[in-house]
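Chain by chain, the residues run as shown.
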Amino acid sequence: MIFGKKKKTEVFRSPGTCPICEDTVTFSAANSWFRDHLLCSKCGSLPRERALMVAIDRFMPDWRNCIIHESSPAGRGVSLKLKREAVSYIESQFFPDSTPGELKNGFRSEDLARLTFEDNSLDIHITQDVMEHVFDIDSAFAEISRTLKPGGMHIFTVPLVSGANPTLQRASLYAEGGINYLYEPEYHGNPVSSEGSLVVWHWGYDIVHRIFNTSKMNTLVLQIDDISKGIRAEYIDVLVSFKN
């Protein structure tokens, strides 16, 4: 008897056009949690990544000619498209043991709360599910604004799990160092660390007020549902902050 690998059972399948690879594809999922499982058959992108690409195309259609910085790129989907097609794409990771601004493993070492970019030097900041992990969030939003050119944008995804309820802070830093866990620790994947990234914030829609109060940037929250583009899942809001 010959035993083969068990085929994954699909719970959903639909044809469409992927906003990232721009091809006719099939979107399918082997799990009902579409946020992490509704994949493009060609580029393997996720719904939130496809929603992000739609927002980039809509609000910065000339992005290929822009100076773009992406913090903690995903290594697939939007990140690879921007890297391949934009004239100036800068990818960075947070390396706490490296000098900010220097290169490590092919990435620029950057702390969002203390960026080394000059004032008014970037057209777009991209972050994909990053802002829920930043302790010094007010400094991060202020730094993003400082380094954007007038008319520049921070286009990003972040799970708004608190919805209409107030944002919940899950952890903080002690003044003398160390983490103060306010709730049971929760971690997400980290592309440069097997330990993962601690979730500091369960953001709600009030994030737009936090951004304005720290950076004076107005923010739109886009809720996109378009199964023809493979955009349907939980917590796939795209936020666009504008520097006036």
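Residues numbered from 1 in each chain as written. Predicted model: local features only at pLDDT ≥ 70, side-chain atom pairs only at ≥ 80, totals over all residues. Heavy atoms only, no water.

J.: Could you clarify how one ought to interpret the sheet that holds strand β2 (residues 24–29) in this entry?
T.: Within a sheet, adjacent strands bond to each other through the backbone by hydrogen bonds, running parallel or antiparallel. In space, the three strands of this open sheet follow the order β1-β2-β3, with antiparallel pairing throughout. The outermost strands of the open sheet, each flanked by one partner alone, are β1 (12–17) and β3 (39–40). Summarising the sheet, β2 and β3 pair through two bridges and their orientation is antiparallel. Bridge pairing in β3 links Ser28 to Leu39. (Pairing = 2+ DSSP bridges. Helix = DSSP H or I, 4+ residues; strand = E, 2+ residues; numbered from the N terminus.)

J.: I'm lost on the packing of aromatic side chains in this one. Help?
T.: How two aromatic rings sit relative to each other is set out by the distance from centre to centre and by the angle between their planes. Within this structure, the stated rule accounts for five aromatic pairs. Each ring, one from Trp201 and one from Trp203, has its centre 5.0 Å from the other, and the planes form 20°; the classification is stacked. Taken individually, Trp201 and Trp203 each receive the classification buried, so the pair is uniform in this respect. Pairwise contacts between aromatic rings join Phe141, Trp201 and Trp203 into one cluster. (Phe/Tyr/Trp six-rings, centres within 6.5 Å; stacked < 30°, edge-to-face > 60°. Buried < 20%, exposed > 50% of the residue type's maximum accessible area, 1.4 Å probe, protein only.)

J.: Any chance you could explain the packing of helix α4 (residues 137–147) against helix α5 (residues 207–215) here in plain terms?
T.: Two quantities define a packed helix pair, namely the angle between the helix axes and the distance between the axes. Their axes nearest at 8 Å, the elements α4 and α5 cross at an angle of 65°. Crossing geometry of α4 relative to α5 is assigned as right-handed. The residues of α5 that touch α4, namely those facing Ile137, Asp138, Phe141, Ala142 and Ser145, are Ile207, Arg210, Ile211, Thr214 and Ser215. Considering only residue class, the contact of α4 with α5 consists of five nonpolar, three polar and two charged. (Axes fitted to C-alpha atoms, helices over the stretch in contact; angles between N-to-C directions. Left-handed = near helix turned anticlockwise from the far one by under 90°. Contact = heavy atoms within 4.5 Å. Nonpolar A, V, L, I, M, F, W, Y, C, P; charged D, E, K, R; others polar.)

J.: Please clarify how the side chain of Ser109 should be interpreted in this entry.
T.: Turning to its location among the elements, Ser109 is positioned in strand β7 (residues 107–109). Look at Ser109 and you get buried, because its relative accessible area is 2%. In this structure, Ser109 is in contact with Gln93, Phe95, Ser98, Thr99, Pro100, Gly101 and Glu102, ignoring residues within four places of it in sequence.

J.: Which parts of the structure should I look at to understand the nonpolar core?
T.: For soluble globular proteins, nonpolar side chains are generally found buried alongside one another. Within the largest apolar cluster, 33 residues are counted, with the highest numbers of intra-cluster contacts made by Ile56, Trp63, Ile68, Ile124, Ile126 and Ile155. For this core, the secondary structure elements donating two or more residues are β2, α2 (47–59), α3 (77–85), β8 (122–128), β9 (148–157) and β17 (238–242). In this structure, Val134, Ala140, Leu148 and Trp201 belong to the second largest nonpolar core, which totals 23 residues. (Core = buried A, V, L, I, M, F, W, Y, C linked by side-chain atoms within 4.5 Å.)

J.: What's the story with the pairing of β17 in this structure? I'm lost.
T.: In regular strands, side chains alternate between the two faces of the sheet. Counted residue by residue, β17 has four buried out of five residues, so it is predominantly covered. In the sheet, β9 pairs with β17 via five bridges, with the strands oriented antiparallel. Its bridge partner lying in β17, Met153 is registered against Phe242. Relative to β17, strand β16 (residues 218–222) runs antiparallel, the two sharing five bridges. Note on β17: the bridge partner recorded for Val221 is Leu239.

J.: Sorry if this is basic, but what is going on with the sheet that holds strand β4 (residues 67–71) here?
T.: Sheet architecture is open: eight strands sit in the order β6-β7-β5-β4-β8-β9-β17-β16, paired in mixed fashion. Sheet topology places β6 (103–104) and β16 at the edges, where each strand pairs with a single neighbour. Summarising the sheet, β6 and β7 pair through two bridges and their orientation is antiparallel. Among the inter-strand pairings, Lys104 is bridged to a residue of β7, identified as Phe107. Those strands touched by α2 are β8, β9, β16 and β17, and its axis lies near 160° from that of β9. On the sheet, α4 packs against β8 and β9 and is oriented at approximately 135° with respect to β9.

J.: Can you walk me through the pattern of salt bridges in this structure?
T.: A side chain with one charge can pair with a side chain of the opposite charge if their charged atoms come near. Inspection of the entire model under this criterion finds 22 salt bridges. Arg48 is paired through a salt bridge with Asp129; the nearest N and O atoms lie 3.4 Å apart. Placement of the pair is Arg48 in helix α2 and Asp129 in the loop between β8 and α4, with a sequence separation of 81 residues. On the basis of relative accessibility, which here comes to 11%, the residue Arg48 falls in the buried class. Overall, Asp129 belongs to the buried group, its relative accessible area being 13%. Salt bridges sharing partners connect three or more residues here, namely Glu22, Arg64, Lys81, Arg84 and Glu85. (Salt bridge = Lys/Arg side-chain N within 4 Å of Asp/Glu carboxyl O.)

J.: It is not clear to me how the packing of α2 against α3 should be interpreted in this structure. Could you clarify?
T.: Contact geometry of α2 with α3 gives a least axis separation of 8 Å together with a crossing angle of 40°. With respect to α3, the axis of α2 lies oblique. Of α3, the residues touching α2 (which contributes Glu49, Leu52, Met53 and Ile56) are Gly77, Val78 and Lys81. In terms of residue class, the contact of α2 with α3 is made up of four nonpolar, one polar and two charged. (Parallel < 35°, antiparallel > 145°, perpendicular 65-115°, else oblique.)

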